[in-house]
There are 2 protein chains.
Amino acid sequence: MFTLYSLKDGLANVEGFYYDGVNCGLRPDPSQGDLAFIRSNRPCRITTMFTTNRFQAAPLRHASRYGKSFEGNFLLANAKNANAMTGEAGIRDIETVLGALPKELGAQNPVMSSTGVIGYRLPVDKIVKGLDKLDWNARNSDAAARAIMTTDSFKKELCFEVELENGERFRVAAIAKGAGMINPAMATMLCFIATDAAVPAEEMEELLEEAVSLSFNRISVDGDTSTNDSVFLMANGASGAYEREAFAEALKKITFELAMLILKDGEGANKVVAFEVTGAASDEEAAVAAVALSNSLLVKTALFGEDPNWGRIASTIGASGVECEEEKLVIHYDDLLVYDAEHRELDPEREEKAYAVMKKDSFKIRCDLGMGEGSFTAYGCDLSYDYVKINAEYRT
Amino acid sequence: MFTLYSLKDGLANVEGFYYDGVNCGLRPDPSQGDLAFIRSNRPCRITTMFTTNRFQAAPLRHASRYGKSFEGNFLLANAKNANAMTGEAGIRDIETVLGALPKELGAQNPVMSSTGVIGYRLPVDKIVKGLDKLDWNARNSDAAARAIMTTDSFKKELCFEVELENGERFRVAAIAKGAGMINPAMATMLCFIATDAAVPAEEMEELLEEAVSLSFNRISVDGDTSTNDSVFLMANGASGAYEREAFAEALKKITFELAMLILKDGEGANKVVAFEVTGAASDEEAAVAAVALSNSLLVKTALFGEDPNWGRIASTIGASGVECEEEKLVIHYDDLLVYDAEHRELDPEREEKAYAVMKKDSFKIRCDLGMGEGSFTAYGCDLSYDYVKINAEYRT
């Protein structure tokens, strides 16, 4: 048994961590941050999960030198430049930047995390000069969360405190960025999680993988997967407290809620929809169908148009190639039956109710295939004029 | 050796075929056709290729009773109602409609082809009454081509005449519809091909499959695949002429040009782009990368924004999961080098040239992966505000 509290101010509650964000000249507006750090003042362990994109950006290849998990206490992040497709020069640039960190910080295996435009060398001089502006002893979660934003329309930071049965407490906090190129394969998002829980080193990878599989790997804004997507879990044990089940729950909760915030902030998106597929021949088939629904342009534009037309839902399931039969399929919007073999055309009463569901900011589209026991839920959003506008005009 | 001529007036050149299109009340505007037929006045063979969508619409399931190829001389088509997800009742409705054809037509194994909204019963009464309006001895290719349009902004009809070395001639003509839900798995498109070539029955399937694999199966408007996609090849041998190589060439040419017309008419699309992937580990891997490029929202919005940003091209290839390396990749826009390991950042001169290519209505994005001998070309279009508008407002 344990109790979970939601706290304000993101990272600011976690013992032994410092963080700040400043403008170092990557963004033209000096009031907007573009450089942030998170460090632990005591020994710390870092576990990473990186993009499945074959062209991993330089910071991911650099951090991978230390392995998937390693002793490390320092992370530097920048916006506006992804340091991707920059070859070996991209890695040398990271070494130059990290080599300029003040020695007194005692940075152990420091790493970088970058987001922004692909194919341009990191502006090393600006970043190295920017290091002087950072307050290494600040606990400015707001500034750090804002400095990693790109097309995000709001900052994303959360913190949960866990109280164990014996009265001991630990915190799990995180900042994240991401609003486009979000896909079940993790996509353009950065998420930095810091905890003062005493997580055993050997449990970190499994815990992080489980949490990510239930959160960031289930959301899609546009089906694209970037070169830079990264989740970092930093654990310094400062609280001395730990209980696996409680920590796993807090980690799942923070990653899931951040995933929903990213989806809510999906470029141009107005609504968040859960695509719950049940009764599939297997969980894998359920995932194929649910992810197809979350990525279908025809489904996404129907959501934007608030059209309860279930034909596009059925057609997308059929097109995904999973085992399904017209006579066994059942579709609900929230609790409203919109299709089964006995109810194919929406009568006026059900159509009116269906319109009402479609107008909500958030709802479920539930599809039971009637073929087996497989299930999976994916999360998506609508596709609006603004998505096109943002992506036609923004140079990623 | 043979000579290929392009003729006007679509179907009107093919011997022994009749066709017409009228309004039977499915479209509210009586000046817009919604019902069409094509028939041969002599024995004829039909070969079909249908959607890979698991929920095949009723007309596809009905026609499949006769097998993939069969003796048949009559096809009836309607717009506005897909007769999809209508169960066994959908098939009975087709039988009712086709049972009302005048006996004197001598329709052998008549079939239907439908496009429009999913999940509503076919308006059988309107269609049966509409049969009386059709002129069974008309050769009105224009009316037939217009009656199958949905969101199409122009009719699609083509005809090629082939002159063989011995002076004999035959024709291959076709009408098609399709402007959205176009995907390499054939997608919402109908294509009716009529030829008076004396094609041997046993060669028809192979010839049609090859032509479709090089045309309709390489284009993508939005990555969706409908319940109704169909290609029908009707051959009545009326010319008495045939030569396999010449016929194959004409069939490939007509399906490829129709595919390009469908793409050009892609909902809201302003440009047609060829994604040519070479140097892949295999042809299959080349196809995965090329199709991913043609479907990527980030690539499609960059095309709309005319942004020469190659980062999204590279990222999409990497995200597709094919074997590739940053140091081996080479990207050209038409003949302009935009990325290789020695040229990562676009200098102002090349950037200006790249902008010029992006402004064209049609160009090639060529990606050499440098991993092997595999190659594939897919064709796509940009994603504009109008795509969102059309699909948010149109009930498919």
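All residue numbers refer to position in the chain's written sequence, counted from 1. Whichever chain is written first is A, and whichever ligand is written first is 1; the rest continue in order. Per-residue local features are limited, in this predicted model, to residues with pLDDT of at least 70; the limit for side-chain atom pairs, both in listing and counting, is 80 or more; totals at the level of whole chains, interfaces and linings are taken over all residues. Computation of side-chain values: all heavy atoms of the structure, hydrogens and water removed.

Its identity is not glycine, yet Asp9(A) carries a phi of approximately 70°, on the positive side. Along the chain, the position of Asp9(A) falls in the loop between strand E1 (2–7) and strand E2 (17–22). One non-glycine residue, Asn83(B), lies in positive phi territory at about 50°. Along the chain, Asn83(B) turns up in the loop between strand E6 (74–78) and helix H2 (87–99). Given the relative accessible area of 0%, Asn83(B) is considered buried. In DSSP terms, a helix is any run of H or I states spanning at least four residues, a strand is any run of E spanning at least two, and both are numbered starting from the N terminus. Each residue's exposure class comes from its accessible area (1.4 Å probe, protein chains only) as a fraction of the maximum for that residue type: buried when under 20%, exposed when over 50%, partly exposed otherwise.

All names here are of chain B. All axes here are fitted lines through C-alpha atoms, helices being fitted over the stretch that makes contact, and every angle between N-to-C directions spans 0 to 180 degrees. Where helix H5 (residues 204–213) meets helix H6 (residues 244–264), the axes come as close as 9 Å, and the angle between the chain directions of the two elements is 40°. Taken as axis vectors, H5 and H6 run oblique relative to one another. As H5 runs across H6, the sense of the crossing is right-handed. The segment H5 lies against H6, with Glu206, Leu207, Leu208, Glu210 and Ala211 engaging Arg244, Phe247, Ala248, Leu251, Lys252 and Thr255. Residues are grouped as follows: Ala, Val, Leu, Ile, Met, Phe, Trp, Tyr, Cys and Pro are nonpolar; Asp, Glu, Lys and Arg are charged; every other residue, Gly included, is polar. The residue makeup of the contact of H5 with H6, split by class, is six nonpolar, one polar and four charged. Each angle gets one of four labels, with under 35 degrees taken as roughly parallel, over 145 as roughly antiparallel, 65 to 115 as roughly perpendicular, and the rest as oblique. Take the far helix as the reference: if the near one is turned anticlockwise from it by less than a right angle, the crossing is left-handed, and if turned clockwise, right-handed. Should any heavy atoms of two residues lie within 4.5 Å, those residues are considered in contact.

In this section: the interface of chain B and chain A. Contacts between chain B and chain A engage 65 residues on the former and 65 residues on the latter. Defined in terms of a 1.4 Å probe, buried area is the accessible area two parts forfeit on being brought together, summed over both. For the pairing of chain B and chain A, the buried interface totals around 5100 Å² over both sides, and the portion due to carbon and sulfur atoms is 57%. The salt bridge definition used is simple: a Lys or Arg side-chain nitrogen within 4 Å of an Asp or Glu carboxyl oxygen. For the pair chain B and chain A, the number of links is two salt bridges. Between Arg61(A) and Glu326(B) there is a salt bridge whose closest N-O contact spans 3.6 Å. In protein, a polar contact means a hydrogen-donor-capable atom and an acceptor-capable atom, both N or O and within 3.5 Å, with residues adjacent in sequence counting only if both atoms are side-chain atoms; elsewhere, any N or O pair within 3.5 Å suffices. Seen at the junction of chain B and chain A, the total is 18 residue pairs in polar contact (both at pLDDT 80 or more). For the side of chain B that touches chain A, the elements supplying multiple residues, two or more each, are H2, helix H8 (297–304), helix H9 (311–319), helix H10 (348–358) and helix H11 (385–393) of chain B. A total of eight residues in the side of chain B that touches chain A trace back to one element, the largest contributor, which is H9(B). Classifying every residue of the side of chain B that touches chain A gives 26 nonpolar, 21 polar and 18 charged.

All right, on to the nonpolar core then. Among soluble globular proteins, nonpolar side chains are generally buried collectively. We define a nonpolar core as any set of buried Ala, Val, Leu, Ile, Met, Phe, Trp, Tyr and Cys residues linked to one another through side-chain atoms lying within 4.5 Å. Ranked by size, the top nonpolar core spans 67 residues in total, and within it Trp310(A), Ile317(A), Ile331(A) and Tyr333(A) carry the most contacts. At six residues, helix H7 (residues 283–295) of chain A tops the list of elements feeding residues into this core. Membership of the second largest hydrophobic core comes to 66 residues, among which are Leu11(A), Phe70(A), Ala287(B) and Leu369(B).

All names here are of chain B. The buried fraction of strand E2 (residues 17–22) amounts to six of the six residues, a majority that puts the element mostly inside the structure. Burial along E2 is two-sided: Phe17, Tyr19 and Gly21 and Tyr18, Asp20 and Val22, pointing in opposite directions, are all buried. At least two bridges found by DSSP between two strands are what make those strands a pair. Direction of pairing for E2 relative to strand E3 (residues 35–40): antiparallel, over a ladder of six bridges. Opposite Tyr18, over in E3, you have Arg39 as the bridge partner.

Here helix H2 (residues 87–99) of chain A contains 13 residues, and its C-alpha end-to-end distance of 19 Å stays within 8% of the 18 Å for a straight helix at 1.5 Å per residue. Buried positions along H2(A) lie against helix H1 (58–64), strand E6 (74–78), strand E7 (111–114) and helix H3 (124–131) of chain A. Every helix has an expected span of 1.5 Å times one less than the residues it contains.

All right, on to the pattern of salt bridges then. Applying the stated rule across the entire model yields 62 salt bridges over all chains. Between Asp142(A) and Arg146(A) there is a salt bridge, and its shortest N-O distance comes to 3.2 Å. Taken together, the residues Asp142(A) and Arg146(A), both in helix H4 (residues 141–147) and four residues apart, mark about one turn of the helix. On the basis of relative accessible area, Asp142(A) is assigned to the partly exposed category, the value being 29%. Given the relative accessible area of 41%, Arg146(A) is considered partly exposed. Its salt-bridge partner being Glu157(B), residue Lys155(B) comes within 2.6 Å of it at the nearest N-O pair. Through salt bridges with shared partners, a single network forms among Glu15(A), Glu161(A), Glu163(A), Arg169(A), Arg171(A) and Asp196(A).

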